[in-house]
Amino acid sequence: MKRLLILGGIALSKEIVETAHSAGIDVYVTDYLPDSPAKRVADKSFMVSTTDVDAVVDLIKREHIDGVLTGYIDLLLPYYVQICRKSGLPCYATEEQIAITTDKNRFKDLCRKYSVPTVPEYSYEEVLAGKAVFPVLVKPVDNSGARGIFICTNLDEFKENYEKSLAFSPSKHLLIERYMTGKEATIFYYLHKGEMYLMGMGDRHMLKFDDNLLPLPVGYTFPSIHLPMFEKEVNESVIAMFKSLGMSEGMVFMQSFIEEGKCVVYEMGYRLTGSIEHHLISKSTGFNPLAAIIDFAVGNEVDDSSINAIDPHKGCLANVSLLITPGTIKTYRGIEEAKRLDGVLHIFLSYDEGSELGKQIMGRLAQLAVRVLIYADDKTELINRMEKVKNTIQVLDIDGRDMLIKDYSYVRMIQN
């Protein structure tokens, strides 16, 4: 039986544990936390920090580990690459590939080199000189999860938020961009043996619930209405761009705005996506990218029998992403009922009962409390199922209040 070591036991890593277990693989988890969520479902866990490369390499040798993987945190990717290299285990990326694809500034430079449209930006000096059009967005080049991102509507806000954003950047390097308000879409690729396969493109439906906070996704629908445009105008340039880095294995996702009928890319991830679209991709194409990455990690032959038949236009699918407000979670209600609804593939809960959520979650992806992956025969049925899921699930606080934000309609949001 193969053994997989996961670096970082966050709640999302339970998705890796579950998929690896279904393939008959033993799963070990290590981080510096005694009770991280993925440790509770792993076969074995360790108190070795994921950033202590030599200690993890010693752990791998001692426990006869066959493969290593980290899933959802950009900051852990450089350590993952070093650990794989020092232990001689398969790694889907190189240090240089990770350095470029996790740095928003270097990634955008690469986009411009290959004529992939990207969001306009300003220098610090241009903003101070009055050459920027407000609002602008300030964000670290080397963080993810919407951490350290601020909307600035005037110069005073810019100066204040610039300093705040610096605290979230390990390299103390920020990006200043035009604040975009158009529709959004996310594009997913799988890389295998040097070839790139477009797995899907989903429309990202955003909710703006506070003028001072970033809008956050409350749903994704597949296939995107913009997919034909992307395939015609951008896809070949993206493939050439990633091939120029020598990228040959793993999963890639890119986030983009749709502006004046054009796809404008603003950032990417060379890793699994926290929106766990592997459930949807597996349903629509028969190819599971998470299972493939796990097989690659432990040295198994990747089952690519269905990869050439991937059609990103197939299926009618959605990711219902329910946002939560601060408070203490007493209980979830309606989860079992939601699992029995027509078309529900999978439900993921970000937090345990008893979790205390402070105001710092607001305007960050940490607000995403429940994800429900669903499918339908047509778009009208899909939207109705999204609405039904939203109305079925509750997250109650200690006073019996539903902590989920629900004052929006998928019908109006998606059809507009």
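So, how was this worked out
- Residues numbered from 1 in each chain as written.
- Predicted model: local features only at pLDDT ≥ 70, side-chain atom pairs only at ≥ 80, totals over all residues.
- Heavy atoms only, no water.
- Pairing = 2+ DSSP bridges.
- Helix = DSSP H or I, 4+ residues; strand = E, 2+ residues; numbered from the N terminus.
- Axes fitted to C-alpha atoms, helices over the stretch in contact; angles between N-to-C directions.
- Salt bridge = Lys/Arg side-chain N within 4 Å of Asp/Glu carboxyl O.
- Buried < 20%, exposed > 50% of the residue type's maximum accessible area, 1.4 Å probe, protein only.
- Core = buried A, V, L, I, M, F, W, Y, C linked by side-chain atoms within 4.5 Å.
- Contact = heavy atoms within 4.5 Å.

**Considering the sheet that holds strand β4 (residues 67-69)**
Next up, step 1: Strand order in this open sheet of four strands is β3-β2-β1-β4, and the pairing throughout is parallel. Both outer strands of the open sheet, β3 (44-46) and β4, are each paired with one neighbouring strand and no more. When the angles between neighbouring strand axes are averaged without regard to direction, this sheet yields 25°.
Next up, step 2: Of the strand pairs in this sheet, strand β1 (residues 3-7) and strand β2 (residues 26-30) are connected by five bridges, and their pairing is parallel. Along β2, the bridge assignment pairs Arg-3 with Asp-26.

**Comments concerning the pattern of salt bridges**
Next up, step 1: As enumerated under the stated definition, the model contains 25 salt bridges in all.
Next up, step 2: The shortest N-O distance in the salt bridge between Lys-243 and Glu-195 comes to 3.4 Å. Of this pair, Lys-243 sits in helix α9 (residues 235-244) while Glu-195 sits in strand β10 (residues 195-207), placing them 48 residues apart in sequence.
Next up, step 3: Looking at Lys-243, the relative accessible area reads 37%, which means it is partly exposed.
Next up, step 4: Connected through shared salt-bridge partners, Lys-108, Asp-109, Arg-112, Glu-121, Lys-139, Glu-177 and Glu-267 make up one network.

**A few points about the nonpolar core**
Next up, step 1: In this structure, Leu-4, Tyr-189, Phe-230, Phe-242 and Met-254 are the most contacted members of the largest nonpolar core, which totals 89 residues.
Next up, step 2: Setting aside chain neighbours within four positions, we find Tyr-189 in contact with Met-196, Tyr-197, Leu-198, Met-199, Phe-230, Asn-235, Val-238, Ile-239, Gly-250, Met-251, Val-252 and Met-254.

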